[in-house]
Amino acid sequence: MFHGRTGRGKTHLATAMGVRAVSMGRPVRFHSTARLVMQLERASAEGKLDGALRDATNADLVILDEFGYVPIDVAGARLLFQVVSDCYERRSLVITTNIEFGRWGTVLGDDKLAAAMIDRVVHHSRLVEFNGTSHRMDQALMLSGNGS
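We now turn to the structure provided with this report. Values in this document were obtained by computation on a predicted structure and should not be read as measured data. (Residues numbered from 1 in each chain as written. Predicted model: local features only at pLDDT ≥ 70, side-chain atom pairs only at ≥ 80, totals over all residues. Heavy atoms only, no water.)

This next bit is on the sheet that holds strand β4 (residues 92-97). A sheet is described by the order of its strands in space; here five strands give the open sequence β2-β3-β4-β1-β5, paired in parallel fashion. In this open sheet, the two edge strands, each paired with only one partner strand, are β2 (28-32) and β5 (128-130). Each neighbouring strand pair of the sheet contributes to a mean axis angle of 15°, computed without reference to strand direction. Bridge count between strand β1 (residues 2-4) and β4: two bridges; the pairing is parallel. Looking across to β4, one finds that His3 is bridged to Thr97. Where helix α1 (residues 10-23) meets the sheet, it contacts β1, β2, β3 (61-67), β4 and β5, and its direction lies at approximately 165° from that of β3. The strands touched by helix α4 (residues 74-87) within the sheet are β3 and β4, with β3 carrying the most contacts at an inclination of about 145°. (Pairing = 2+ DSSP bridges. Helix = DSSP H or I, 4+ residues; strand = E, 2+ residues; numbered from the N terminus. Axes fitted to C-alpha atoms, helices over the stretch in contact; angles between N-to-C directions. Contact = heavy atoms within 4.5 Å.)

See the structure below:
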């Protein structure tokens, strides 16, 4: 679990982990969480959910990037729960987020579902906090004061 405010390097490190795993011959799936939920909802509507869920988690490492940046409706939250449950104790899972656990119920629209997901996520995990300043803000030209 990579947690911290925007621009602190969570996605960068998750991507680097994925690249390293691939270089070692390990299959990896990298998902924007909101995009994955939309794809699963579409697959469900088309009667192709089982295949989409298998494809989403068919890897040794599954990365869910930007969890909580976009609210998820309850149907989407249930689909995301299926992804997390499928990863639980079967494959490595990295989640990047700026949302603390206490607010997951708001993001997922269901406190009980959030509690069940958190329970699975924290069981075998490590929480890595990303502090410091935003790398993008540090490099922003408009804030540099040099007029270039």
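And the narrative resumes.
For the rest of this paragraph, the subject is the pairing of β4. Bridge analysis of β3 against β4 gives five bridges, and the strand direction is parallel. Along β4, the bridge assignment pairs Leu64 with Ile95. The handedness of the β3 to β4 crossover, carried by α4, is right-handed. (Right-handed = clockwise from strand over helix to strand, strands pointing away.)

Let us now look at the packing of aromatic side chains. Scanning the entire structure with this criterion turns up three aromatic pairs. Summarising the aromatic geometry, the rings of Phe2 and Phe130 are spaced 5.3 Å apart at their centres and angled 55° between planes, so their arrangement reads as tilted. A residue pair is termed long-range when its members are at least 10 positions apart, and Phe2 in strand β1 and Phe130 in strand β5 qualify at 128 residues. Residue Phe2 is classed as buried on the basis of its relative accessible area, which comes to 6%. Among the residues examined, Phe130 registers a relative accessible area of 12% and is labelled buried. (Phe/Tyr/Trp six-rings, centres within 6.5 Å; stacked < 30°, edge-to-face > 60°. Buried < 20%, exposed > 50% of the residue type's maximum accessible area, 1.4 Å probe, protein only.)

Among the structural elements, Leu127 can be located in the loop between α6 (111-123) and β5. In sequence terms Leu127 and Ala59 are 68 residues apart; their C-alpha atoms lie 22 Å from each other. Discounting residues that sit within four places of it in the chain, Leu127 has contacts with Met1 and His3.

Attention now moves to the pairing of β3. The two faces of the sheet receive side chains in turn, since in a regular strand these alternate between them. Within β3, six of the seven residues are buried, which leaves the element mostly enclosed by the surrounding structure. Here β2 runs beside β3; their pairing, made up of five bridges, is parallel. Its bridge partner being in β3, Phe30 is matched across the sheet by Ile63.

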